[in-house]
Amino acid sequence: MTTRLERRLSEQRTIHKRRNWLVATCIILFLLTVGASYIWFGGTLSNWHRVVRTGGLLFSADKINVLVLGVDERSGDVGRSDTMFAVTVDTGSKEAALLSVPRDTRVKIPGRGWDKINHAYANGREKLSQQAAEELLGIPFDYYVVINFASFGKIVDAVGGVDIDVEKRMYYRDPYDDLLIDFRPGPQHMNGKTAIKYVRYRGEDGDIGRIERQQKFIKAMLEKVTSPSIITRVPAIIREVSTAVNTNMSTGEMLSMAKLLNDAHKKGLKTDMVPGRPAYIHDISYWLPDIVALREHIARIQGGELSGKQLAEAEKLAAEYERSIPREMKVHEAPKAAAPTKEPAAKPAKKPAAAPKASPPVPGKIAVAVVNASGNPGLGPKMAGILKARGFQVTGVTTSAAPVSTTLVVSYSTSGTIVNQLTSLPFKYVLQIKNERQAVDATVYIGKDYK
């Protein structure tokens, strides 16, 4: 049976040249463009030219939605949008939210059928990408921003580099692409060359971990761009960015957006990602979105809740997604709830002890439940010890009567803070993301593959 690591390595060898440019690159360039322009031109504001649409799309009069695409265009090759996310800015509260869309997300591309969402750009550039994103997310986009990655390193250098606290050991060598990524944990000042490697790195945590690192990089860049020291660098920033950005925003609209984003940055940028679960066809990975949870999350971002009609439409679309899954696709599903039993202690106690009760979640800590579905008694307490050593609160350990083959970590939140912590655990596992209310933030299912 092919392991998760083997699948990942095989996938990397197959498509490494097309999959190295992801989420952070786009938003960094976009924010630099509008932010630098706002500072340089004195903050002259403009009215918005909104795109109002009907047909079931979620719409809020005080929200502006921007689709950001990152592409690696080369001579004779349009490229794919290996980076995609939606930026929603509230013109009233001056708050902003960033929703990352994994490039492997399987969607129905208008006129093309079921495929990864990043293929939409290759077939219809930003217009088809926008249509695919609108049908997935259920919101209209007022603007788009397309980024050419070729200038990324120059732009990072133009702002004077950025400071990043590297969260873990990162090492990857690819002789076919002449690539060496080698980072030690701890604070580092990154120039353009090293920053590219940081946002490119894809380890055991896959795309989900890479998205979280890129969102971390975005926030570090925001700190740099909004600092007073950036003013002297604005001319060089504008020169580099102008060759990398294609957008339907006017200069005035970009300046207005810069003002909003500057205010939103002070309140904290909210980062989330599309909830879903991983799947594979042979060695090719996909991300299957949870449509109902996604639409409910989008509705909250837009400042409301799904109506009965919108919920019914989301459920209908979710059913269509499920019916479209081909037989050869292997989907990693969370185990269904089974009657758990108390996990036996690693060593029998000398005196009978009362049955342990689940601990209530502690505010500020990520609460995790452990379910031992490995068929190997005693692994539950060991897993609990690993999680506690990494700062998690383990609310309880139980044993499932129904074993599972693959170790699975299920996050019940799309929050960047929580997902980031769940992408760097020191064992092999598959990460699934849901957007639903549970008593805990995540559940770790120990599978038969756990070592």
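Residues numbered from 1 in each chain as written. Predicted model: local features only at pLDDT ≥ 70, side-chain atom pairs only at ≥ 80, totals over all residues. Heavy atoms only, no water.

- Labelled according to an unreviewed UniProt entry, the protein chain appears under the name LCP family protein, originating from Anaeroselena agilis.
- UniProt annotates the protein chain under Sequence similarities (unreviewed entry) with the comment "Belongs to the LytR/CpsA/Psr (LCP) family." (UniProt positions renumbered as here; feature names shortened; annotations may be inferred.)

1. Digging into the overall build of the protein chain
Part 1: A tally of regular secondary structure across the protein chain gives 12 helices and 21 strands.
Part 2: For the protein chain, with 451 residues in total, the buried portion stands at 55%.
Part 3: Nonlocal contacts in the protein chain, meaning residues at least 24 apart in sequence, comprise 73% of its contacts between residues at least 6 apart.
Part 4: For the protein chain, the exposed area adds up to about 20500 Å²; of that, 53% sits on carbon and sulfur atoms. (Helix = DSSP H or I, 4+ residues; strand = E, 2+ residues; numbered from the N terminus. Buried < 20%, exposed > 50% of the residue type's maximum accessible area, 1.4 Å probe, protein only. Contact = heavy atoms within 4.5 Å. Areas by Shrake-Rupley, 256 points an atom, 1.4 Å probe, with all protein chains shown as cover.)

2. Re the packing of helix α3 (residues 119-137) against helix α9 (residues 291-301)
Part 1: Packing of α3 against α9 leaves a shortest axis separation of 9 Å and a crossing angle of 95 degrees. In this view, α3 runs roughly perpendicular relative to α9, as classed from their interaxial angle. Between α3 and α9, the residues in contact are Glu135, Leu136 and Leu137 and Ile291, Leu294, Arg295 and Ile298, respectively.
Part 2: Across the contact of α3 with α9, the residue classes tally to five nonpolar, no polar and two charged. (Axes fitted to C-alpha atoms, helices over the stretch in contact; angles between N-to-C directions. Parallel < 35°, antiparallel > 145°, perpendicular 65-115°, else oblique. Nonpolar A, V, L, I, M, F, W, Y, C, P; charged D, E, K, R; others polar.)

3. Considerations on the packing of aromatic side chains
Aromatic ring pairs are reported here in terms of the distance separating the ring centres and the angle at which the planes meet.
Part 1: Per the counting criterion, the structure on display carries five aromatic pairs.
Part 2: Ring centres 6.3 Å apart and planes at 40 degrees place the aromatic pair Tyr198 and Phe217 in the tilted group. Of this pair, Tyr198 sits in helix α5 (residues 192-200) while Phe217 sits in helix α6 (residues 206-225), and the two are 19 residues apart along the sequence.
Part 3: For Tyr198, a relative accessible area of 0% corresponds to the buried category.
Part 4: Through pairs of rings, three or more aromatic residues link up here, namely Phe183, Tyr198 and Phe217.
Part 5: Looking at Lys116, its charged tip hangs above the ring of Tyr286, at a distance of 5.0 Å from the centre. (Phe/Tyr/Trp six-rings, centres within 6.5 Å; stacked < 30°, edge-to-face > 60°. Lys NZ or Arg CZ within 6 Å of the ring centre and 35° of its normal.)

4. Brief notes about the pattern of salt bridges
Part 1: Throughout the structure, instances matching the rule amount to six salt bridges.
Part 2: Measuring nitrogen to oxygen at the nearest pair gives 2.5 Å for the salt bridge that ties Arg169 to Asp182. One end of the pair, Arg169, is in the loop between β7 (162-166) and β8 (170-174); the other, Asp182, is in strand β9 (residues 179-183), with 13 residues separating them in the sequence.
Part 3: For Arg169, a relative accessible area of 33% corresponds to the partly exposed category.
Part 4: Note that Arg277 and Glu322 form a salt bridge whose closest N and O atoms lie 2.9 Å from each other. Taken together, the residues Arg277 in strand β13 (residues 276-281) and Glu322 in helix α10 (residues 308-324) connect sequence positions 45 residues apart.
Part 5: Take Arg277: its relative accessible area is 9%, and that puts it in the buried class.
Part 6: Residue Glu322 is classed as partly exposed on the basis of its relative accessible area of 42%.
Part 7: The network of salt bridges with common partners includes Arg103, Asp104 and Lys116. (Salt bridge = Lys/Arg side-chain N within 4 Å of Asp/Glu carboxyl O.)

5. Looking at the sheet that holds strand β2 (residues 83-90)
Part 1: Read across the open sheet, the six strands follow the order β11-β6-β1-β2-β3-β12; overall the sheet is mixed. The outermost strands of the open sheet, each flanked by one partner alone, are β11 (245-247) and β12 (270-273). Averaged over all neighbouring strand pairs, the angle between strand axes comes to 20 degrees, with direction disregarded.
Part 2: Of the pairings in the sheet, the one linking strand β1 (residues 63-71) to β2 comprises eight bridges and is antiparallel in character. (Pairing = 2+ DSSP bridges.)

6. Examining unusual backbone geometry
Part 1: A positive phi angle is found at Lys94, which is not glycine, with a value near 60 degrees.
Part 2: Position of Lys94 among the secondary structure elements: in the loop between β2 and β3 (95-100).

7. Observations concerning α3
Part 1: With 19 residues, α3 ought to run about 27 Å at 1.5 Å a step, yet its terminal C-alpha atoms sit only 17 Å apart, falling short of that.
Part 2: Along α3, the largest kink reaches about 130 degrees and is centred on Arg125.
Part 3: For α3, the complete set of buried residues consists of His119, Ala120, Tyr121, Glu126, Leu128, Ser129, Gln130, Ala132, Ala133, Glu134, Leu136 and Leu137.
Part 4: Immediately downstream of α3, the backbone of Gly138 shows phi near 80 degrees, a positive value. (Expected span 1.5 Å × (residues − 1). Bend = angle between axes of the 7 residues up to and from the residue.)

8. A closer look at the packing of α9 against α10
Part 1: Where α9 meets α10, the closest approach of the two axes is 8 Å, and the angle between their N-to-C directions is 145 degrees. In terms of crossing hand, the pair formed by α9 and α10 is right-handed. When α9 is examined against α10, the residues Ile291, Val292, Arg295 and Glu296 are found in contact with a partner set consisting of Leu311, Ala314, Glu315, Leu317, Ala318 and Tyr321. (Left-handed = near helix turned anticlockwise from the far one by under 90°.)

9. Side note on the nonpolar core
A general tendency of soluble globular proteins is for nonpolar side chains to be buried together.
Part 1: With 54 residues, the main nonpolar core has Leu136, Leu137, Met383, Leu387, Val409 and Phe427 as its most contacted residues.
Part 2: For this core, the leading source of residues is α3, giving seven residues.
Part 3: Ignoring anything within four residues of it in the chain, the contact list for Leu136 reads Val101, Thr105, Val107, Ile117, Pro289, Ile291, Leu294, Arg295 and Tyr321.
Part 4: By size, the runner-up hydrophobic cluster in this structure holds 23 residues, among which are Tyr201, Met221, Ile230 and Ile237. (Core = buried A, V, L, I, M, F, W, Y, C linked by side-chain atoms within 4.5 Å.)

10. A short note on the pairing of strand β18 (residues 393-399)
Part 1: Relative to β18, strand β17 (residues 367-372) is paired through six bridges, and the arrangement is parallel. Bridged to Ala369 within β18 is Gly396.
Part 2: The handedness of the β17 to β18 crossover, carried by helix α11 (residues 379-389), is right-handed. (Right-handed = clockwise from strand over helix to strand, strands pointing away.)

11. Some remarks on the environment of Val66
Part 1: With respect to the secondary-structure elements, Val66 resides in strand β1.
Part 2: Linking Val66 and Pro140, residues 74 residues apart in sequence, is a C-alpha distance of 9.0 Å.

12. Section: the side chain of Lys63
Part 1: Here Lys63 lies in strand β1.
Part 2: Exposure remark for Lys63: the relative accessible area of 7% places this residue in the buried category.
Part 3: Of note is the side chain of Lys63, whose polar atom sits 3.0 Å from the side chain of Asp90.
Part 4: Within the structure, the side chain of Lys63 is placed 3.4 Å from the backbone oxygen of Gln302, a separation counted as a polar contact. (Polar contact = N/O pair within 3.5 Å; in protein donor to acceptor, adjacent residues only side chain to side chain.)

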